[in-house]
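# Results of the structural survey
Residues per chain are reported as follows:
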Amino acid sequence: MAKYILKRFLYMVVTVFIIATLTFFLMNLLPGSPFNEERTTNEAVQRNLEAHYHLDEPLIVQYVLYLKSIVTMDFGPSIKQPTETVNSLLSRGFPISAELGVWTVLTALISGVALGVFAALKHNGVIDYIAMTIAVLGISIPNFVLATLLIQQLAVNLGILPAATWSSPQHMILPIVALATGPMAIIARLTRSSMLETLTQDYIKTARAKGLSPFKVIVKHALKNALMPVVTILGTLLAGILTGTFVIEKIFAIPGMGKYFVEGINQRDYPVIMGTTVFYSAFLVFMLFLVDIAYGILDPRIKLHKEGGS
Amino acid sequence: MEKLLDIRDLHVSFTTFGGEVQAVRGVNLELYRGETLAIVGESGCGKSVTANSIMRLIPSPPGKIKEGAILFKGVDMTQLPDKEVRKIRGVDISMIFQDPMTALNPTLTIGDQLTEGLRQHRSISKREANDQAVDMLNLVGIPNPVERLKQYPHEFSGGMRQRIVIAMALICEPELLIADEPTTALDVTIQAQILQLFQKIQKQTRVSIILITHDLGVVAKIADRIAVMYAGKVIETGTRKEIFYTPQHPYTRGLLQSVPRLDQKGEKLIPIDGTPPDLFSPPAGCPFTARCPMAMEVCSKIYPFHSELSQTHEVNCWLQDERAKKFMASTF
């Protein structure tokens, strides 16, 4: 187990390194610079600014400096907001983004699995058709469309829920619903088909032949097996939710990390772009690692440690 | 002898897109305490459906018990509410399924699967349940039972898994054990071991066994009585001796001729030509008519009458009619 974790950790480091490198060079391919503005600055001032942020150095030197900042976990000050460091932006934005993300994942998982299980149990019945209609709609409507629709109907027309910001539980409902609907729909469809398959398995018949209650047969014997495919795609869904937070945070004016990421790109704020990218990718890679471990725990047949001792 | 199970005129159908499949069409069977009854017949003849009906394990829909009664110790299983059926399942009647590789849940430990039935039906502690599980694994011959309880199904071989399935079925000390092709998925040496295990268990617990199989070798070894099924009906029943030495129905004879025998070296096996009838619209007469080497005109029109050759030997065939017998005697 320890060997496996160590190996996976090394892979994670390599992955993040590759992402960071690609981001750095892609960012430099972008036309413009942080100091390209409508008002023209004095040329000497411009040169001084560039020297201050090492932007006058050759690209390779900048790259090395940047790698150093990753290793030391210190991305320096933001160019556009000189009073802030990238680290302070991250530590302010991350808790809010994390809150949005965790609630979204929980909502999507619980409602998706429940919808899928009920649809499978009432296979080809009314509940099944309703659940699958919701699921198809959920998959087809992009979260930014859903978000604006929700704001228009629930916040503007009906005035039930607040339209934006992130200050109370009521404020959280719309962003979470907008972000969770897509993943929920995917989970619901997958749970349904996997549950239908599991229910025909011999061990379900064995469980019924033991005289167990229907609840026990479904939850203890069927659901655990039916959730395997759901766990498998959880990694991909997490990535989707994570990128979804950029858009949703922007639409609902939520002061999370996504806002700094998007603004950083718009303003060519190099340290902010690099810092947020590295942080996001490291976080996602780590989540995928957790999903793999969870898979091994759910299914005893999957050996995380192939060779060597246990 | 006391009758444990009495199936009377059982009809089971499945509704499909193509229409109604009449899988079981009026089965009558009796089972006495402590005996082993084998139900034999080729695939799709309704043996498994009959067995599953006893425990009410027919998936419904599409399946449905349309007519008849299944009296277990005098109580009609077909009329009981689901909750009462669950009290009988696993406690009074247990079932063993064909494929031990898929009959166990891959994500739960053996110990968990062995004890959950016990804990559902009897109010006992986890420790007591575990102790009983260990005893049971000892009975079915699994070494190191205490450690084995913590393992998962994939850590066992096929034969070992079937032993576990048997232990699971027997843990609540049922009076009736239904084994649906328990040796089909195993290789021959393991088959013999499992059959020996059945005999040993029956000696120790006096459990009645219904054995469903298409393997006549298995039947010859452990069955007391045999019921031959064809196209959803029981066509011949008798003791093991009666069926193997004086089979009356041409189908039973055909089955026996299609099995290789050690004492008839070099002789060709005689298969039964053709296939069983379509159960969407079963024929009015004897369903075996089309494949029967001795079919007469009446066979295809009217279902043969029921005749009792001895107290135990019963058959449904027109050849039992006096006129047919006279004709056969005069021509052959």
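Just above sits the structure.
It should be emphasised that the depicted structure is a prediction, and the values quoted were computed from it without experimental measurement.

To continue, consider the overall build of chain B. Helix and strand counts for chain B come out as 12 helices and 12 strands. Expected size for 332 residues packed as a compact globule is a radius of gyration near 20 Å; at 21 Å, chain B falls within 12% of this value. Counting only C-alpha atoms and orienting by the principal axes, one finds that chain B spans roughly 70 × 50 × 40 Å. Considering chain B as a whole, with its 332 residues, one finds that 52% of them fall into the buried category. Pairs at least 24 apart in sequence give 64% of the contacts found in chain B among residues at least 6 apart. As displayed, chain B has an accessible area near 15800 Å², and 53% of this comes from carbon and sulfur atoms. If you average the places of the 38 positive and of the 38 negative side-chain charges in chain B, the two averages end up 1 Å apart.

On to the interface of chain B and chain A, then. Accessible area lost upon the coming together of the parts is a frequently used measure of interface size. Taken together, the contact between chain B and chain A spans 26 residues of the former and 22 residues of the latter. Buried surface at the junction of chain B and chain A, summed over both partners, amounts to about 2200 Å²; 54% is from carbon and sulfur atoms. The tally of links from chain B across to chain A stands at three salt bridges. The closest approach of N and O atoms between E116 of chain B and K210 of chain A, which form a salt bridge, is 2.6 Å. Along the contact surface separating chain B from chain A lie 14 residue pairs in polar contact (both at pLDDT 80 or more). Those elements that provide at least two residues to the side of chain B that touches chain A are α3 (100–103) and α4 (110–121) of chain B. Considering every element that reaches the side of chain B that touches chain A, the biggest residue donor is α4 of chain B, with six residues. Broken down by class, the residue content of the side of chain B that touches chain A amounts to 10 nonpolar, 10 polar and six charged.

Residues and elements named next belong to chain A. Direction vectors running N to C along helix α4 (residues 86–121) and helix α5 (residues 126–140) enclose 145°, while the axes themselves pass 8 Å from each other. In the crossing of α4 with α5, the sense of the turn from one axis to the other is left-handed. Contacts between α4 and α5 involve L115, F118 and A119 on the former and, on the latter, I127, D128, A131, M132 and I134.

So, about the pattern of salt bridges. One pass over the structure, following the stated rule, counts 21 salt bridges over all chains. Across the salt bridge formed by K301 of chain B and E297 of chain B, the nearest N and O atoms sit 3.4 Å from each other. The pair K301 of chain B / E297 of chain B is uniform in exposure class, with both members exposed. Among the charged side chains, a network of salt bridges with common partners joins K210 and K220 of chain A together with D112 and E116 of chain B.

Before going further, it helps to spend a moment on unusual backbone geometry. Backbone geometry places M73 of chain A, a non-glycine residue, at a positive phi of 55°. Along the chain, the position of M73 of chain A falls in the loop between α3 (59–71) and α4. Using a relative accessible area of 60% as the deciding quantity, one classes M73 of chain A as exposed. Phi is positive for R56 of chain B, which is not a glycine, with a value near 60°. Structurally, R56 of chain B is set in the loop between α1 (47–54) and β4 (63–72). Residue classification places R56 of chain B among the buried positions, given a relative accessible area of 19%.

As for its placement among the helices and strands, S33 of chain A is situated in the loop between α1 (2–29) and α2 (43–52). Sequence separation between S33 of chain A and D299 of chain A is 266 residues, and the spatial gap between their C-alpha atoms is 51 Å.

The rules behind these values
- Residues numbered from 1 in each chain as written.
- Chains lettered and ligands numbered in written order.
- Predicted model: local features only at pLDDT ≥ 70, side-chain atom pairs only at ≥ 80, totals over all residues.
- Heavy atoms only, no water.
- Helix = DSSP H or I, 4+ residues; strand = E, 2+ residues; numbered from the N terminus.
- Rg over C-alpha atoms; globule rule 2.2 N^0.38 Å.
- Buried < 20%, exposed > 50% of the residue type's maximum accessible area, 1.4 Å probe, protein only.
- Contact = heavy atoms within 4.5 Å.
- Areas by Shrake-Rupley, 256 points an atom, 1.4 Å probe, with all protein chains shown as cover.
- Lys, Arg positive; Asp, Glu negative; His and termini not counted.
- Charge placed at Lys NZ, Arg CZ, Asp CG, Glu CD.
- Buried area = accessible area lost by both parts, 1.4 Å probe.
- Salt bridge = Lys/Arg side-chain N within 4 Å of Asp/Glu carboxyl O.
- Polar contact = N/O pair within 3.5 Å; in protein donor to acceptor, adjacent residues only side chain to side chain.
- Nonpolar A, V, L, I, M, F, W, Y, C, P; charged D, E, K, R; others polar.
- Axes fitted to C-alpha atoms, helices over the stretch in contact; angles between N-to-C directions.
- Left-handed = near helix turned anticlockwise from the far one by under 90°.

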